[in-house]
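Residues per chain, in single letters:
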Amino acid sequence: LGRECALLFALNGADVLVADLKSERCEAVAEEIRALGRKAIAYSLDVSDYSQVADMYKKIVEEWGTVDFVVNSAGVCLTEELTAQTVEDIDLSIDVNIKGTIYSCREALAIMRPKKFGKIVNMSSIAAKACLGGFSVYSATKAAVLAATASLGREAALDNVTVNCICPGIIK
């Protein structure tokens, strides 16, 4: 989903920073964007590490001066009943799905709000609303993204910055 969003932005004239935990995936998508005639930065990071997220935003500002649009699509979908999940699995879901989204929003809003312009789209999931067995942790993290987005949208609207959320279904 993140790849498709990045390519659509490039097709519509945007330069794009492609972020992913796996550097090979970042570079592959960045190459596709460059082939479309746009600038692209491949940036590998762990979104659950605040300092890495902050450094990524510093890189964007150093390269391009600002940030106008952000799509937060990093996510972990571990689907087992709660008692079958390890504490490490639970922490990973919370760290990536909730903290990663909030860390990115925090950094993006710090750039967007003073200039009175910006658009953020967070990826939640239909699982935030239509909860199924085996999805308790995932559903909880995606519901948190949905709630945080609603609150951030109200905060940022004062400065002409929109924060929205989409809840896609199953993506293959």
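Residues numbered from 1 in each chain as written. Predicted model: local features only at pLDDT ≥ 70, side-chain atom pairs only at ≥ 80, totals over all residues. Heavy atoms only, no water.

(A) Molecular detail of the sheet that holds strand E4 (residues 118-123). On the basis of which strands lie adjacent, the open sheet formed by three strands has the order E3-E4-E5 and parallel pairing. Each edge of the open sheet is held by one strand with a lone partner, namely strand E3 (69-72) and strand E5 (161-166). Ignoring strand direction, the axes of neighbouring strands in this sheet form an average angle of 15 degrees. Summarising the sheet, E4 and E5 pair through six bridges and their orientation is parallel. Pairing of Gly 118 across the sheet is with Val 161, part of E5. Across the sheet, helix H5 (residues 136-157) lies against E4 and E5, angled at about 160 degrees from E5, the strand it touches most. (Pairing = 2+ DSSP bridges. Helix = DSSP H or I, 4+ residues; strand = E, 2+ residues; numbered from the N terminus. Axes fitted to C-alpha atoms, helices over the stretch in contact; angles between N-to-C directions. Contact = heavy atoms within 4.5 Å.)

(B) How the structure looks around the packing of helix H3 (residues 50-64) against helix H4 (residues 87-115). Interhelical geometry of H3 versus H4 gives an angle of 35 degrees and a closest axis separation of 9 Å. The hand of the H3/H4 crossing is right-handed. Side by side, H3 and H4 meet where Tyr 50, Val 53, Ala 54, Tyr 57 and Val 61 of the first sit next to Tyr 103, Ser 104, Arg 106, Glu 107, Ala 108 and Ile 111 of the second. Within the contact of H3 with H4, the residues separate by chemical class into eight nonpolar, one polar and two charged. (Left-handed = near helix turned anticlockwise from the far one by under 90°. Nonpolar A, V, L, I, M, F, W, Y, C, P; charged D, E, K, R; others polar.)

(C) Structural view of unusual backbone geometry. Despite not being glycine, Lys 116 shows a phi value in the positive range, around 65 degrees. The topology assignment puts Lys 116 in the loop between H4 and E4. A relative accessible area of 44% places Lys 116 in the partly exposed class. In the Ramachandran plot, Asn 160 falls in the positive-phi region, its phi being about 65 degrees despite a non-glycine side chain. With respect to the helices and strands, the residue Asn 160 is situated in the loop between H5 and E5. Given a relative accessible area of 48%, Asn 160 falls into the partly exposed group. (Buried < 20%, exposed > 50% of the residue type's maximum accessible area, 1.4 Å probe, protein only.)

These figures come from the coordinates and say nothing about function on their own.
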